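# Remarks on the overall topology
Listed below are the residues making up each chain.
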Amino acid sequence: EPEVTQTPSHQVTQMGQEVILRCVPISNHLYFYWYRQILGQKVEFLVSFYNNEISEKSEIFDDQFSVERPDGSNFTLKIRSTKLEDSAMYFCASSDLAGEELFFGEGSRLTVL
Amino acid sequence: GQNIDQPTEMTATEGAIVQINCTYQTSGFNGLFWYQQHAGEAPTFLSYNVLDGLEEKGRFSSFLSRSKGYSYLLLKELQMKDSASYLCAVPNQAGTALIFGKGTTLSVSS
């Protein structure tokens, strides 16, 4: 069964460092998403991406964040100058059509020290 | 924007039936999703309702009333493995984002 894969599964970084989280969406999906879940809190939408550009972004997705589809398979989330409050699980998701079921990856746990 | 409300926690016993409610307010309705999330894992899709009524899928059913802005997830014959968070979610008006509620943590005991 096709699945969304994410790397790394866990990353520990020092405050102020840059982090890149990688995702390989399901191959025939066209819509890509990043979500964040701080421990014990809700799943929060960060950004959606379609046709090589951002479709929607939340208030959380400020200038510290960026997304990129560097090739035909990867979808990355870059966090510049990480802060303690960026510590969370970051989920990548993809869907075949807009507004349809999202398929989530297993997540990348980011710990900022 | 979207506003989603669901109870924070519920408890039930094995074999029982539990109903998890969700009320929502959204500008432009594009359907309602239920996801299951076990602790430390990713959300997984359970159901999608776009028309009023009950959708049954095995032990799980989901109901929608668009006029009332209300949905529920019904879990029958509860098993210990059903202990998880259940997330109600609605797309934004453009369909470019799926917005999740805070989730209902269900604890099933023997």
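Our structure's up above, just so we're on the same page.
In what follows, the accompanying structure is described. Everything quoted here is computed from the prediction, not taken from an experiment.

A word on the sheet that holds strand β6 (residues 53-57) of chain B. All names here are of chain B. What the five strands build is an open sheet, ordered β1-β3-β8-β7-β6; its pairing is antiparallel. For this open sheet the edge positions go to β1 (2-5) and β6, each flanked by a neighbour on one side alone. Neighbour-to-neighbour, the strand axes of the sheet open up by a mean angle of 15°, direction not taken into account. When β6 meets strand β7 (residues 60-65), the two strands line up antiparallel, connected through five bridges. From the neighbouring strand, Glu55 faces β7, where its bridge partner is Ser62.

Let us look at the nonpolar core. Counting residues in each nonpolar core, the largest one holds 21 residues, and the members touching the most others are Trp34, Leu46, Phe61, Val67, Phe75, Leu77 and Tyr90 of chain A. Elements represented by at least two residues in this core include exactly β3 (19-24), β4 (31-37), β5 (44-50), β7 (65-68), β8 (75-79), β9 (88-95) and β11 (108-112) of chain A. If near-sequence neighbours (up to four positions away) are discounted, Tyr90 of chain A is found in contact with Gln6, Leu21, Trp34, Tyr35, Arg36, Leu46, Phe65, Leu77, Ile79, Gly107, Ser108 and Leu110 of chain A. Listed in part, the 20 residues of the second largest apolar core include Tyr24, Leu46, Leu64 and Val90 of chain B.

This next bit is on the interface of chain B and chain A. On the chain A side, the residues contacting the 18 residues of chain B number 19 residues. Broken down residue by residue, the surface that chain B buries against chain A is led by Ala42, Thr96 and Phe100 of chain B, which jointly contribute 30%. On the surface where chain B and chain A come into contact, there are zero salt bridges. Broken down by class, the residue content of the side of chain B that touches chain A amounts to 10 nonpolar, six polar and two charged.

On to unusual backbone geometry, then. Residues and elements named next belong to chain A. Here the bond from Thr7 into Pro8 is cis, since omega is -10°, no more than 30 degrees from zero. By the secondary structure assignment, Pro8 is in the loop between β1 (5-7) and β2 (10-13). One non-glycine residue, Asn51, lies in positive phi territory at about 55°. Examined against the element boundaries, Asn51 turns out to sit in the loop between β5 and β6 (53-57). Notably, Asn52 is not glycine yet its phi reads approximately 65°, a positive angle. With respect to the element layout, Asn52 can be found in the loop between β5 and β6. Judged by its relative accessible area of 59%, Asn52 falls in the exposed class.

Right, let's talk about the pattern of salt bridges for a bit. Across all of its chains, the model carries four salt bridges over all chains by this definition. Linking Glu44 of chain A and Arg36 of chain A is a salt bridge whose minimum nitrogen-to-oxygen distance equals 3.2 Å. For the pair Glu44 of chain A and Arg36 of chain A, a shared accessibility class is recorded, and that class is buried. Residue Arg66 of chain B is joined to Asp52 of chain B by a salt bridge in which the shortest nitrogen-to-oxygen separation is 3.0 Å. Here Asp52 of chain B lies in the loop between β5 (44-49) and β6 and Arg66 of chain B lies in the loop between β7 and β8 (70-75), a separation of 14 residues in the sequence. With a relative accessible area of 41%, Arg66 of chain B lands in the partly exposed category. Judged by relative accessible area, which is 43%, Asp52 of chain B ranks as partly exposed.

Criteria and thresholds
Residues numbered from 1 in each chain as written. Chains lettered and ligands numbered in written order. Predicted model: local features only at pLDDT ≥ 70, side-chain atom pairs only at ≥ 80, totals over all residues. Heavy atoms only, no water. Pairing = 2+ DSSP bridges. Helix = DSSP H or I, 4+ residues; strand = E, 2+ residues; numbered from the N terminus. Axes fitted to C-alpha atoms, helices over the stretch in contact; angles between N-to-C directions. Core = buried A, V, L, I, M, F, W, Y, C linked by side-chain atoms within 4.5 Å. Buried < 20%, exposed > 50% of the residue type's maximum accessible area, 1.4 Å probe, protein only. Contact = heavy atoms within 4.5 Å. Buried area = accessible area lost by both parts, 1.4 Å probe. Salt bridge = Lys/Arg side-chain N within 4 Å of Asp/Glu carboxyl O. Nonpolar A, V, L, I, M, F, W, Y, C, P; charged D, E, K, R; others polar.

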